[in-house]
Amino acid sequence: MARKSSMGCGNYVVVLVLLFFGAMKVRSDSSDHKYKSGEEVPLYANKVGPFHNPSETYRYFDLPFCSPGHVKDKTEALGEVLNGDRLVTAPYKLDFTNDRETEVVCKKTLSKEEVARFRDAVAKDYYFQMFYDDLPIWGFIGKVDKEGKADPSEYKYYLFKHLHFDIHHNKDRVIEVNARTDPNALVDITEDKEIDVDFMYSVKWKETDIPFEKRMEKYSQTSALQHHLEIHWFSIINSCVTVLLLTGFLATILMRVLKNDFVKYAHDEEAADDQEETGWKYIHGDVFRYPKQKSLFAAALGSGTQLFTLAIFIFILALVGVFYPYNRGALFTALVVIYALTSGIAGYTAASFYCQLEGKNWVRNLLLTGGLFCGPLLLTFCFLNSVAIGYHATAALPFGTIVVIFLIWALVTSPLLVLGGIAGKNSKAEFQAPTRTTKYPREIPQLPWYRGVLPQMAMAGFLPFSAIYIELYYIFASVWGHRIYTIYSILFIVFIILIIVTAFITVALTYFQLAAEDHEWWWRSFVCGGSTGLFIYGYCLYYYYARSDMSGFMQTSFFFGYMACICYAFFLMLGTVGFRAALFFVRHIYRSIKCE
């Protein structure tokens, strides 16, 4: 019966994986439509918002634009809703290959309140976003005339009233679309008074030889421009050279020191038995003493392993081309679904390691594992979603989406976590300690201040952070800006460098800690490995105040709130990498010597 249940669970996971990839396929092929001359091509208005505040976006018709007679919402996937997309039918008619010369969308009298709303939006540099046959369109809704005016009260505010669409087609398919505003068609909205506005648009179709399969390439050209690529590769080469020199230097020292230790200890074994042991061999009876708070430690290890697996799967999807530019919401969909499917890995790792450490209350350990990352993420989401609701922003998730996420957690994440925990508990794996642990722990000698936890974390986090520093700017400019990031191969190389450096620096610091006869290395190796996450959060402060123009309570809270969750995830993931490397190293060196 147990075998049958296991097969059922496996089939369940396979079905979910197939549904996920099927959903991704549907999204990527949704615009693969052929049109006939005069056929209506779908145009959807998405959102508006301050250009420098990417999280603060609002529905398109929250501003008093001309709206069609019946505004129809487009059905959106989970990832699109999480991305803040709220697509509705736009008032413009852009029929396939039909040119239009200055068509009037509507004649509208703007009230004083509507003029004030438009002026406030123009002052905050609002942009709009639309999608035409799944191709993105951007533009600004107005401009501020500051020329020759020192006093802000003398600024002039203008609203664009004419939108021109340039559309390229290849026989029966839409290839490219651009929107530009007529600089001469302006409405002065500087004063609070009623204004009559004729909102207009025009359309010009042109034929192109670009094949349909390459129509998304133009959106990735900015990140693949020659000078950008040169900077990217220079940063990679610089990081590789730095890492190789430093790790090679440390490895040489470490190997020489270890070799001398092995020779010394081998000589000591042949000498008198009453000769006093020193260094890391002296604490062989304490080095494998289980850490304090072992339930929390096992839970952190399980969560970190799950997040590491999640990162690997995301990179695989990126490298095979799933996250092409403006595949709306694909990344968020992948994060939610893969995190749910990998929860079994967290349960198995945590329960298995907890039982190896002779833990008894594995159910409590499993609950701790499930809430260690999701708990802070849930609290952060509740606060930020409340802020978004207060701002009436599109970042506020609808109740239906929250229910869907809850069902994914209740029907997929939690059951797989429990199944993984049961499998880990029943794995009967034993902790492989090369030496026996004494009954009473030795006293740790007084150590200088620079061997404390915080100085060691600072040393451990600086080198991995320096290896990824340059690439971080491009990632931040993509996540918290409007730049598109598409060079995932470079990002994957940076990730590999980050993992290698984290593992090596943690091993080196663990050796120096043991050589100083400090046997409490378990938690130290974890927090030292994860300390890069704290450096990344420090970079967030620098980026926000020195490299971006973000402002306002909502954008600030979203930036620092969600970046805190991301850096916490890095802390758990890299902490797991650091501990696993240190555990392998410690087992190896104590297996290589003879201990009584």
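Residues numbered from 1 in each chain as written. Predicted model: local features only at pLDDT ≥ 70, side-chain atom pairs only at ≥ 80, totals over all residues. Heavy atoms only, no water.

Caption draft 1: A look at the overall build of the protein. Regarding its fold elements, the protein presents 15 helices and twelve strands. Within the protein, residue pairs in contact and separated by at least 24 positions form 80% of the contacts whose partners lie at least 6 positions apart. (Helix = DSSP H or I, 4+ residues; strand = E, 2+ residues; numbered from the N terminus. Contact = heavy atoms within 4.5 Å.)

Caption draft 2: Representation of the nonpolar core. Residues Phe559 and Tyr590 are the most contacted members of the largest nonpolar core, which totals 91 residues. With 54 residues, the next largest nonpolar core counts Val122, Leu135, Val174 and Leu384 among its residues. (Core = buried A, V, L, I, M, F, W, Y, C linked by side-chain atoms within 4.5 Å. Buried < 20%, exposed > 50% of the residue type's maximum accessible area, 1.4 Å probe, protein only.)

Caption draft 3: Looking closely at the pattern of salt bridges. Inspection of every chain in the model, using the stated rule, returns 14 salt bridges. For Arg100, the salt bridge goes to Glu103, with nearest N and O atoms at 3.5 Å. Judged by its relative accessible area of 17%, Arg100 is buried. In this structure Glu103 comes out as partly exposed when scored by relative accessible area, which is 31%. Through salt bridges that share partners, Asp95, Arg100 and Glu103 make up one connected network. (Salt bridge = Lys/Arg side-chain N within 4 Å of Asp/Glu carboxyl O.)

Caption draft 4: Layout of a nonpolar patch on the surface. Taken together, the side chains of Phe399, Val403, Phe406, Leu407, Trp409 and Leu411 make up a nonpolar region of the molecular surface, amounting to roughly 640 Å² of accessible area. Along the chain, Phe399 turns up in helix α10 (residues 399-425). Overall, the relative accessible area of 68% leaves Phe399 in the exposed class. (Patch = residues over 30% accessible without salt bridge, like charges linked within 9 Å, V, L, I, M, F, W, Y side chains within 5 Å. Areas by Shrake-Rupley, 256 points an atom, 1.4 Å probe, with all protein chains shown as cover.)

Caption draft 5: Quick peek at the confidence of the model for the protein. For the protein, per-residue confidence averages 87 on the pLDDT scale, and 89% of positions sit at 70 or higher. Note that pLDDT drops below 50 for residues 1-19; the model gives that stretch nine contacts with residues more than four away or on any other chain. Low pLDDT, under 50, characterises residues 22-30; the predicted model gives this stretch 14 contacts beyond four residues in sequence or across chains. (pLDDT = per-residue confidence, 0-100.)

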